[in-house]
Amino acid sequence: MKRIYMGTNLKMYKNNQETVSYLKELKEKVAAFRCPELELFVIPSFTALAEAVKAAEGAIKIGAQNMYWEDAGEYTGEISPKMLKAIGVDLIEIGHSERRHKFGETNFDANRKVLAALRYGFTPLLCIGETAVDKEYRVTTECLREQLKIGLYGVTGEQARHVWIAYEPVWAIGVAGKPATPEYADRSHQVIKETLAELFPDCGQEIPVLYGGSVNSQNATGLMEQPAIDGLFIGRAAWEADSFAAIIKQV
Ligand code: PEP
């Protein structure tokens, strides 16, 4: 059975209570159209994580938006894998474009976080994507390959079976972004899948690759029809449970 991956990152938008109501509504709506192949996940703010795990009741995977790689220590303001494990979080979002471009995170930081997430049995959701400048200078392939090769450096073939990738072209994300066409996104996904197969000959082809960047109810189906797109990682269009459920139902 081919799995369908659908998820959202709530960024810094919903507080604890809002997250819990959102999850309850989403869980109800999605249960109504039973879809056994669906892998549904929501990534709330840190302050809502403990309540979110309870509210999701295992029907929705819950992720953290970031994580430091050390177990404990003098790292004011950071959250460790051990703390997230104690809460019962399933996945860790790593290297989102905002972490890279607003907070200066590098591919090397992403790599340390991926390795720490795997050590703790989380699913690392590694986000990669080219900037508008990379695209203009036609170095998208090189950029994606570098992000994957450094981000996944030291990951064993066995560990790679637990990795998920989100392809999110930086120029496509957020209010200022324009969605990639399905064909453009699919070409990038093919580059990603070829690189993953090269890095992990035994399972690289099976690593799920999700598209993110201005997905909405108009373009979701066209994107999901592409052979190399395994799922969607949605921002704005998924922040109302109703709209997210409608997109899931449609694809
Ligand atoms: C994102 O921020 O990762 C994202 C995909 O957002 P949006 O769908 O709103 O472009």
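What counts, and where the lines are drawn
- Residues numbered from 1 in each chain as written.
- Predicted model: local features only at pLDDT ≥ 70, side-chain atom pairs only at ≥ 80, totals over all residues.
- Helix = DSSP H or I, 4+ residues; strand = E, 2+ residues; numbered from the N terminus.
- Rg over C-alpha atoms; globule rule 2.2 N^0.38 Å.
- Buried ≥ 20, exposed ≤ 12 C-beta atoms within 10 Å, placed from the backbone.
- Near = placed C-beta within 6 Å.
- Nonpolar A, V, L, I, M, F, W, Y, C, P; charged D, E, K, R; others polar.
- UniProt positions renumbered as here; feature names shortened; annotations may be inferred.
- Expected span 1.5 Å × (residues − 1).
- Contact = placed C-beta atoms within 7 Å.
- Core = buried A, V, L, I, M, F, W, Y, C linked by C-beta atoms within 7 Å.
- pLDDT = per-residue confidence, 0-100.
- Axes fitted to C-alpha atoms, helices over the stretch in contact; angles between N-to-C directions.
- Parallel < 35°, antiparallel > 145°, perpendicular 65-115°, else oblique.
- Left-handed = near helix turned anticlockwise from the far one by under 90°.

**A closer look at the overall build of the protein chain**
Piece 1. Assigned secondary structure in the protein chain consists of 11 helices and 8 strands.
Piece 2. In terms of overall dimensions, the protein chain is globule-like: its C-alpha atoms have a radius of gyration of 17 Å, near the 18 Å expected for 251 residues.
Piece 3. Principal-axis analysis of the C-alpha atoms gives the protein chain an extent of 45 × 45 × 35 Å.
Piece 4. Out of the 251 residues in the protein chain, the part that is buried amounts to 42%.

**Considerations on unusual backbone geometry**
Piece 1. Despite not being glycine, K11 has its phi angle at roughly 50°, a positive value.
Piece 2. Here R138, not a glycine, exhibits a phi torsion of approximately 60°, which is positive.
Piece 3. Positionally, R138 belongs in the loop between α6 (132-136) and α7 (140-151).
Piece 4. Judged by local crowding, R138 falls into the exposed class, with 9 C-beta atoms found within 10 Å.

**A look at the site of the ligand**
Piece 1. Taken together, 13 residues form the shell around the ligand, and within it I173, G212, S214, G235 and R236 come nearest.
Piece 2. When grouped by side-chain class, the residues that make up the shell around the ligand number 4 nonpolar, 7 polar and 2 charged.

**Some words on the UniProt feature "binding site: substrate" (unreviewed entry) in the protein chain**
Piece 1. Under the UniProt annotation, the feature "binding site: substrate" (unreviewed entry) is placed at N9, L10, K11, G174 and S214.
Piece 2. Relative to the helices and strands, K11 resides in the loop between β1 (4-9) and α1 (16-32).
Piece 3. Note that G174 resides in the loop between β6 (164-167) and α9 (182-199).
Piece 4. By C-beta crowding, G174 is classed as partly exposed, having 14 other C-beta atoms within 10 Å.

**Some points on helix α5 (residues 107-119)**
Piece 1. For α5, with 13 residues, the first-to-last C-alpha span of 18 Å sits near the 18 Å given by 1.5 Å per residue.
Piece 2. Along α5, the positions that sit buried rather than exposed are A110, N111, K113, V114, A116, A117 and L118.
Piece 3. The inward-facing, buried residues of α5 abut α3 (81-87), β4 (91-94), β5 (123-128), α7 and α8 (157-160).
Piece 4. Once α5 ends, the next one or two residues include G121, with phi positive near 80°.

**Regarding the environment of I229**
Piece 1. Relative to the helices and strands, I229 resides in the loop between α10 (220-224) and β8 (231-234).
Piece 2. Looking at I229, the number of C-beta atoms within 10 Å reads 22, which means it is buried.
Piece 3. Apart from the residues within four sequence positions on either side, I229 is in contact with A185, D186, H189, Y211, L223 and M224.

**A closer look at the nonpolar core**
Piece 1. Formed by 70 residues in total, the largest nonpolar core has its most connected members in L126, I165, Y211 and L232.
Piece 2. Tallying contributions element by element places α5 first for this core, with 5 residues.
Piece 3. Beyond its immediate sequence surroundings of up to four residues, L126 is in contact with I94, G95, A110, V114, G151, V163 and I165.

**Thoughts on the confidence of the model for the protein chain**
The predicted coordinates should not be examined in detail at positions where pLDDT is low.
Piece 1. Of the residues in the protein chain, 100% have a pLDDT of 70 or more, and the chain-wide mean is 97.
Piece 2. Quick note on the complex model: pTM equals 0.98, ipTM equals 0.98.

**A closer look at the packing of α1 against helix α2 (residues 49-56)**
Think of two packed helices as two axes; the pair is described by the angle between the axes and how far apart they sit.
Piece 1. Packing of α1 against α2 leaves a shortest axis separation of 9 Å and a crossing angle of 20°. The angle between the axes of α1 and α2 places the two elements in the roughly parallel class. Every pair of crossing elements has a handedness; the one defined by α1 and α2 is right-handed. Of the residues in α2, those touching α1 at N16, T19, V20, L23, K24 and K27 are E51, A52, A55 and A56.
Piece 2. When the residues that make up the contact of α1 with α2 are grouped by side-chain class, the tally is 5 nonpolar, 2 polar and 3 charged.

**Regarding the UniProt feature "active site" (unreviewed entry) in the protein chain**
Piece 1. Under the UniProt annotation, the feature "active site" (unreviewed entry) is placed at H96 and E168. Across 73 residues of sequence, these annotated residues stay compact in space, with a maximum C-alpha separation of 8.3 Å.
Piece 2. Relative to the assigned elements, H96 resides in the loop between β4 and α4 (97-102).
Piece 3. On the basis of neighbour count, H96 is assigned to the buried category, with 27 C-beta atoms found within 10 Å.
Piece 4. Apart from the residues lying within four places of it in its own chain, the contact partners of H96 are N9 and C127.
Piece 5. Mapped onto the fold, E168 is located in the loop between β6 and α9.
Piece 6. Classification of E168 as buried rests on a count of 27 C-beta atoms within 10 Å.

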